[in-house]
Amino acid sequence: MVQARYDRAQQACDRLAQHGSDLQAQACTATVDAATGQAGRAAITFERALAADPGGPRELHLWVLTRLAETRERLGDASSAERAYRAALALGLDDSYLLAAYADFLLDQQRPAEVLALLKDRERNDLHLLRLALAGKALKHDRAAAWQAALAARFDAARQRGDTAHQKEEARFALALLGDAARALPLAQANYAVQREAADARVLLEAALAARQKAAAAPVLDWLRRSRFESAVLQALATRIEALP
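Keep in mind that this is a model prediction, so the values were computed, not measured.

Conventions we followed
Residues numbered from 1 in each chain as written. Predicted model: local features only at pLDDT ≥ 70, side-chain atom pairs only at ≥ 80, totals over all residues. Heavy atoms only, no water. Helix = DSSP H or I, 4+ residues; strand = E, 2+ residues; numbered from the N terminus. Rg over C-alpha atoms; globule rule 2.2 N^0.38 Å. Buried < 20%, exposed > 50% of the residue type's maximum accessible area, 1.4 Å probe, protein only. Contact = heavy atoms within 4.5 Å. Lys, Arg positive; Asp, Glu negative; His and termini not counted. Charge placed at Lys NZ, Arg CZ, Asp CG, Glu CD. Axes fitted to C-alpha atoms, helices over the stretch in contact; angles between N-to-C directions. Left-handed = near helix turned anticlockwise from the far one by under 90°. Nonpolar A, V, L, I, M, F, W, Y, C, P; charged D, E, K, R; others polar. Phe/Tyr/Trp six-rings, centres within 6.5 Å; stacked < 30°, edge-to-face > 60°. Salt bridge = Lys/Arg side-chain N within 4 Å of Asp/Glu carboxyl O.

Peer 1: I'd love a proper account of the overall build of the chain, names of residues and values included.
Peer 2: Across its full length, the chain holds 14 helices and 0 strands. Moving toward the C terminus, one meets the helices and strands of the chain in the order α-α-α-α-α-α-α-α-α-α-α-α-α-α. Here the C-alpha atoms of the chain give a radius of gyration of 18 Å, agreeing with the 18 Å that 2.2 N^0.38 yields for 245 residues. Relative to its 245 residues, the chain shows a buried fraction of 45%. If you take every contact in the chain between residues at least 6 apart in sequence, the share linking residues at least 24 apart comes to 54%. A distance of 3 Å separates the average location of the 33 positive side-chain charges in the chain from that of its 31 negative side-chain charges.

Now the structure itself:
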């Protein structure tokens, strides 16, 4: 899924159906459907599969609820997405990805104060620190500059180690916090060469738009056409980029 090889992902789901639980198998296929033009159907599958397995493992329920939340969010159904995010959080598991995804949802909903509450005392995690810095900038928080400086130091240290694991986050940092599209774009491009999920596509589209480099967005625009991936945010960005001269 990370590499957008959806045919291979479906083959893995087919094998899982022979050995896993019904919830695992249905959620696996729904995850592929959500990325290949069947997001509405996928969301219903997630919901029905969860309802049919109320006593399943909490870790699996958290994963499915997070996928459901992201799918509803991409479809533009913010209220349903929030219900799913909150149901996942209510399971009481400490999941870094869930917290980052919900923080991004809150940022898109223009609710940065809730991000600070959600991620309080979580500065040690780079993913969470980025969201804190973004929320802090929006609120002109007195710790915003410190969070931004800490992120800059961590990205510098990673670069010196030859660590490229967080190029997406660094691209977002450069674009949203520094306003440096020239720095953000090559980072987003390098990241998209390895990881091709929605968040990776979004940061490349945003960087290409900010840099007014239509050609740089071509891989994402092609992926959107071929996969039929549904996302109100990505489609809006794509429309703006395609309008560039």
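Peer 1: How would you sum up unusual backbone geometry? Please name residues and give values.
Peer 2: The phi dihedral of Ala4 falls on the positive side, at around 60°, and the residue is not glycine. By the secondary structure assignment, Ala4 is in the segment before helix H1 (6-19).

Peer 1: Report on the packing of helix H8 (residues 126-139) against helix H9 (residues 144-161), specifying residues and quantitative values.
Peer 2: Packed helices, taken two at a time, are described by the angle their axes make and the gap between the axes. Running from amino to carboxyl end, H8 crosses H9 at an angle of 145°, the nearest separation of the two axes being 8 Å. Classified by chirality, the crossing of H9 by H8 is left-handed. Two secondary-structure elements touch here, H8 through Asp126, Leu129, Leu130, Leu132, Ala133, Gly136 and Lys137 and H9 through Ala144, Trp147, Gln148, Ala150, Leu151 and Arg154. By residue class, the composition of the contact of H8 with H9 is 8 nonpolar, 2 polar and 3 charged.

Peer 1: Which residues make up the packing of aromatic side chains, and what are the values?
Peer 2: Evaluation of the coordinates by the stated rule reveals 5 aromatic pairs. Their ring planes at 15° and their centres at 6.0 Å tell us that Tyr102 and Phe105 sit as a pair that is stacked. With Tyr102 and Phe105 both in helix H6 (residues 96-108) and 3 residues apart, the pair spans about one turn of that helix. Accessibility classification places Tyr102 together with Phe105 in one group, the buried group. A connected cluster of aromatic rings, assembled from ring pairs, spans Tyr85, Tyr102 and Phe105.

Peer 1: Requested: an account of the side chain of His61, with residues and values cited.
Peer 2: Assignment of secondary structure puts His61 in helix H4 (residues 58-74). Residue His61 is classed as buried on the basis of its relative accessible area, which comes to 10%. Filtering out sequence-adjacent residues up to four positions away, His61 remains in contact with Leu23, Leu50, Asp53, Pro54, Gly56 and Leu91.

Peer 1: Go over the pattern of salt bridges with me, naming the residues and quoting the values.
Peer 2: Counted according to the given criterion, the structure contains 21 salt bridges. Across the pair Glu82 and Arg111 runs a salt bridge whose closest N-O atoms are separated by 2.8 Å. You can see Glu82 sitting in helix H5 (residues 78-89) and its partner Arg111 sitting in the loop between H6 and helix H7 (112-118), a full 29 residues away along the chain. Of the charged contacts in the structure, one is a salt bridge between Asp222 and Arg226, with a shortest N-O distance of 2.7 Å. Placement of the pair is Asp222 and Arg226 together in helix H13 (residues 218-227), with a separation of 4 residues, close to one helical turn.

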